[in-house]
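Commentary on secondary and tertiary structure
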Amino acid sequence: MRQPIIIAVLAAALLAGGVCRAEVVVIVSARNPVKALSSEQAADLFLGVSADFPNGLHAVPIDQSEGSPVRDTFYLRSSGKAPAQMKAYWARMLFTGRGQPPVESGDSATVKRLVADNPNLVGYIDRSALDPSVRAVLTIH
């Protein structure tokens, strides 16, 4: 029982050593009316707890590729879950039929391009990739 806790603590410590230095922002299209999301709202969208933005518009979360440092940082900071914990979470959700994980779509540049083109998409990128085609609605600290 203690082994999973130890593994999670070690994974978090490793991530804190380097990956967590990236500044991650949650983004929507510049055409999306949503101006801000809370940390809880963003986590709910990416964990399949909520399917809509606060204004009622349907939201489709887009993940970066598995193993991406930005992805690992996003989930660790927004939900407190390390990569192995996220895999286990989605395995349970799939097995019980309660949800599907977000579609994986590459790196920050790819996610930004997809989100910019579709007001229903929500993603996360490294802050350095921001441009006027998307709007940061949350900075993940």
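So, how was this worked out
Residues numbered from 1 in each chain as written. Predicted model: local features only at pLDDT ≥ 70, side-chain atom pairs only at ≥ 80, totals over all residues. Heavy atoms only, no water. Helix = DSSP H or I, 4+ residues; strand = E, 2+ residues; numbered from the N terminus. Buried < 20%, exposed > 50% of the residue type's maximum accessible area, 1.4 Å probe, protein only. Lys, Arg positive; Asp, Glu negative; His and termini not counted. Salt bridge = Lys/Arg side-chain N within 4 Å of Asp/Glu carboxyl O. Polar contact = N/O pair within 3.5 Å; in protein donor to acceptor, adjacent residues only side chain to side chain. Contact = heavy atoms within 4.5 Å. pLDDT = per-residue confidence, 0-100. Core = buried A, V, L, I, M, F, W, Y, C linked by side-chain atoms within 4.5 Å.

Quick look at the side chain of Arg135 now. By secondary structure assignment, the location of Arg135 is in strand β5 (residues 134-140). Summary of buried charges: Arg135 has no salt-bridge partner, and the nearest side chain of opposite charge, Asp131, is 11 Å away. A polar atom in the side chain of Arg135 sits 2.7 Å from the backbone oxygen of Val34. Not counting residues up to four positions away in its chain, the partners in contact with Arg135 are Val26, Ile27, Val28, Ser29, Ala30, Asn32, Pro33, Val34 and Lys35.

This part covers helix α3 (residues 69-79). Of all 11 residues making up α3, 8 are buried, and the element is well covered by its neighbours. By the burial criterion, the buried members of α3 are Val70, Arg71, Asp72, Thr73, Phe74, Tyr75, Leu76 and Ser78. Where α3 begins, the capping side chain belongs to Ser68, and its oxygen is found 3.2 Å from the backbone nitrogen of Val70. One or two steps after α3, the chain reaches Gly80, where phi turns positive at roughly 75°.

In this section: the confidence of the model for the chain. For the chain, the average pLDDT comes to 89, and 85% of its residues sit at 70 or higher. For residues 6-20, every residue scores under 50 in pLDDT, and the model assigns this stretch 13 contacts once sequence neighbours within four places are set aside.

One finds Val26, Leu37, Phe53, Phe74 and Val122 to be the most contacted residues of the largest nonpolar core, which totals 24 residues. If you list the elements that add at least two residues to this core, you get β1 (24-29), α2 (39-46), α3, α4 (83-96), β4 (121-126) and β5. Core analysis: the next-biggest nonpolar cluster, separate from the first, contains 10 residues, Ile27, Ile62, Ala116 and Leu121 among them.

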